[in-house]
Amino acid sequence: MTISVGDRLPTTTLVKATADGPDQVDTGSFFKGRKVALFAVPGAFTPTCSAKHLPGFVEKEAELKAKGVDEIACVSVNDAFVMGAWGKSAGAGDITMLADGNADFAKAIGLTMDGSGFGMGTRSQRYSMLVNDGVVEQLNVEAPGEFKVSSAEHLLSEI
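Please read all numbers here as calculations on a predicted model, not as lab measurements. (Residues numbered from 1 in each chain as written. Predicted model: local features only at pLDDT ≥ 70, side-chain atom pairs only at ≥ 80, totals over all residues. Heavy atoms only, no water.)

### Examining the pattern of salt bridges
Our working rule: Put simply, a salt bridge is a Lys or Arg side-chain nitrogen that is within 4 Å of an Asp or Glu carboxyl oxygen. Only DSSP runs of H or I covering at least 4 residues are called helices, and only runs of E covering at least 2 are called strands; the numbering of each starts at the N terminus. Exposure classes here rest on a 1.4 Å probe applied to the protein chains alone. A residue is buried below 20% of its type maximum, exposed above 50%, and partly exposed in between.
Evaluation of the coordinates by the stated rule reveals five salt bridges. Here Lys60 and Glu59 are joined by a salt bridge, their closest N and O atoms 4.0 Å apart. One salt bridge connects Glu61 with Lys65, and the closest N-O pair in it is separated by 3.1 Å. Taken together, the residues span about one helical turn, with Glu61 and Lys65 both in helix H3 (residues 61-66) at a distance of four residues. When its relative accessible area of 34% is taken as the criterion, Lys65 is described as partly exposed.

### Section: the pairing of strand E9 (residues 135-141)
Which entries qualify depends on this criterion: Strand pairing follows a simple DSSP-based rule, namely that at least 2 bridges must link the two strands.
As judged from the six bridges shared by strand E8 (residues 127-132) and E9, these two strands associate in the antiparallel manner. Bridging across to E9, Ser128 finds its partner in Asn140. Adjacent in sequence and paired antiparallel, E8 and E9 are bridged by two residues, among which Asp133 carries a positive phi angle near 55°.

Here is the structure:
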């Protein structure tokens, strides 16, 4: 079942790279008591993700925070080291880069895609969502191969 507006995010574990190594992030705690703009990409360093999706959130960070967003987070079915390196190379210092290495989060919210044809296996669909205290307030899932409704600009227009 795909997550919907009004649903509470399931509790799973994501991972982020830190100076001390990988750090597990419990989604229940991560989203509790705050407003988070979360966006997902099929893969770090992939063309649309690197040229448009992540840079859009980097560019619109101040505007999102001015509208009450406490944190911006990017999630992808990659490992924490790849997500950390991608964030650094993209200048995304204030965006939390979360690894969903086994696609547990993507599966739990029903937003996986089959990237086997590209040698990528199970991946996350491209989407953005606004999560308030663990509850989905906005959800924008892209059609396959598109980049329109999951952009930072579109999410910003909904807040």
